[in-house]
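Descriptive analysis of the structure
For reference, the chains in residue letters:
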Amino acid sequence: YNCDFVLISGDIFHSLRPSGFLLNRFSRFVAKLSELDMPVVVVAGNHDQPRTLNKKSYLSALYAIRAPNFHYFDKPGSLLLNCKRSGKVVKIIGLPFLPLGFMRPQMFEKFLDDALSNEIDNGGDYDYLVAAAHFHVQGAKLGNYPYYLPVGEIKVPRHIFRRSELSYVALGHIHLH
């Protein structure tokens, strides 16, 4: 592994309640990378986030036990990674899937735009700034058939991620290249 970190922009599992086999496989993957001193950064996707406030994701268990080098965003935030292989510092802004369909699209866009701006302005010395998010972004190709948005999802305008400060944007949720 000749990289500084692994970044996953959501949907580790296809189900909110993955099988023990899949949970074990992913845990072993994280453990192997941890042995190699390789950070794993996960931004929660719609398949990773419970739909109710009193439930926790299975991924939050790995985070709660402080699995070495495992970083999990289930709410907007950021972290600085001191990359051992390249010697660079990378700031990652995590913007997980949030089922905020009860908000009007303009309110949701403002919330997301403000969250991204706050994390960008939150300072820190870094070489690269990466935004990792799990949203349906306007203009994303969904396939050759008509597509509907599930209840509780809003198409996010692309301009939110077009910022000169960002070195890279990693978007999940759309499963096509």
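Residue indices begin from 1 for each chain and proceed along its sequence in written order. This being a predicted model, a pLDDT of at least 70 is required before a residue's local features are given, and a value of 80 or more before pairs of side-chain atoms are given or counted; all residues contribute to the totals for chains, interfaces and linings. Heavy atoms from the whole structure form the basis of all side-chain values; hydrogens and water molecules are not counted.

1. A look at the packing of aromatic side chains
- Each pair of aromatic rings taken from Phe, Tyr and Trp, with Trp reduced to its six-membered ring, is defined by centres within 6.5 Å and is described as stacked if the planes are under 30 degrees apart, edge-to-face if over 60, and tilted in the remaining cases. Enumeration over the complete set of coordinates arrives at five aromatic pairs.
- Ring plane angle 35 degrees and centroid distance 6.0 Å describe the contact between Phe26 and Phe29, whose orientation is recorded as tilted. Of the two residues, Phe26 and Phe29 are both situated in helix H1 (residues 20–35); the distance of three residues between them amounts to about one turn of the helix.
- Accessibility expressed as a relative area gives 8% for Phe26, which makes it buried.
- Every member of this aromatic cluster is reached through a ring pair, and the members are Phe13, Phe26, Phe29, Phe70 and Tyr72. In DSSP terms, a helix is any run of H or I states spanning at least four residues, a strand is any run of E spanning at least two, and both are numbered starting from the N terminus. Categorising residues by exposure relies on relative accessible area from a 1.4 Å probe, with only protein chains included: less than 20% of the type maximum marks a residue as buried, more than 50% marks it as exposed, and the intermediate range marks it as partly exposed.

2. Observations regarding the sheet that holds strand S7 (residues 168–172)
- The sheet built from four strands is open, its strands ordered S4-S5-S6-S7 with mixed pairing. Looking at which strands have only one partner, the edges of the open sheet turn out to be strand S4 (77–82) and S7. Adjacent strand axes in the sheet meet at a mean angle of 20 degrees when their direction is disregarded.
- Relative to strand S6 (residues 128–134), strand S5 (residues 89–95) runs parallel, the two sharing six bridges. Its bridge partner lying in S6, Ile92 is registered against Val130.
- It only takes one pair of heavy atoms within 4.5 Å for two residues to be counted as in contact. Axis definition: a line fitted to C-alpha atoms, limited for helices to the stretch in contact. Angles are taken between N-to-C directions and run from 0 to 180 degrees. Across the sheet, helix H3 (residues 105–121) is in contact with S4, S5 and S6; its angle to S5 comes to roughly 160 degrees. One bridge is not enough; two strands pair if DSSP finds at least two bridges between them.

3. What to know about the sheet that holds strand S3 (residues 70–73)
- An order of S1-S2-S3 is seen for the three strands of this open sheet, with the pairing classed as parallel. The two strands at the open ends of the sheet, each matched to only one other strand, are strand S1 (6–8) and S3. Sheet twist, expressed as the mean angle between neighbouring strand axes with direction ignored, is 10 degrees.
- In this structure, S1 lies alongside strand S2 (residues 40–43), joined through three bridges in parallel fashion. Bridge pairing in S2 places Val6 opposite Val40.

4. A closer look at the confidence of the model for the protein
- Averaged over every residue, the pLDDT of the protein is 85; residues scoring 70 or more account for 87%.
- Across the protein, S5 holds the top mean pLDDT of 97, while helix H2 (residues 58–64) sits lowest at 74. Per-residue confidence from the predictor is given as pLDDT, running between 0 and 100.

5. Considerations on H1
- Take the residue count of a helix, subtract one, and multiply by 1.5 Å to get its expected span. In this model H1 runs 22 Å from its N-terminal to its C-terminal C-alpha over 16 residues, within 8% of the 22 Å that 1.5 Å per residue would give.
- Buried within H1 we find Phe26, Val30, Leu33 and Ser34. Down the axis of H1, the buried set is contained in an arc of 110 degrees. They therefore lie on one face. Away from the buried face of H1 by more than 90 degrees, exposed residues Gly20, Phe21, Arg28 and Glu35 are located.
- Where H1 is buried, its residues touch S1, S2, H2 and S3. Comment: arc refers to directions from the helix axis out to C-beta atoms.

6. Re the pattern of salt bridges
- Should a side-chain nitrogen of Lys or Arg be within 4 Å of a carboxyl oxygen of Asp or Glu, the pair is scored as a salt bridge. Applying the stated criterion across every chain, the model contains three salt bridges.
- Asp37 is paired through a salt bridge with Lys84; the nearest N and O atoms lie 3.0 Å apart. A residue pair is termed long-range when its members are at least 10 positions apart, and Asp37 in the loop between H1 and S2 and Lys84 in the loop between S4 and S5 qualify at 47 residues.
- The residue Asp113 makes a salt bridge to Arg163 at a minimum N-O spacing of 2.2 Å. In this pair, Asp113 is assigned in helix H3 and Arg163 in the loop between S6 and S7, connecting sequence segments 50 residues apart.
- The class of Arg163 is buried, set by a relative accessible area of 18%.

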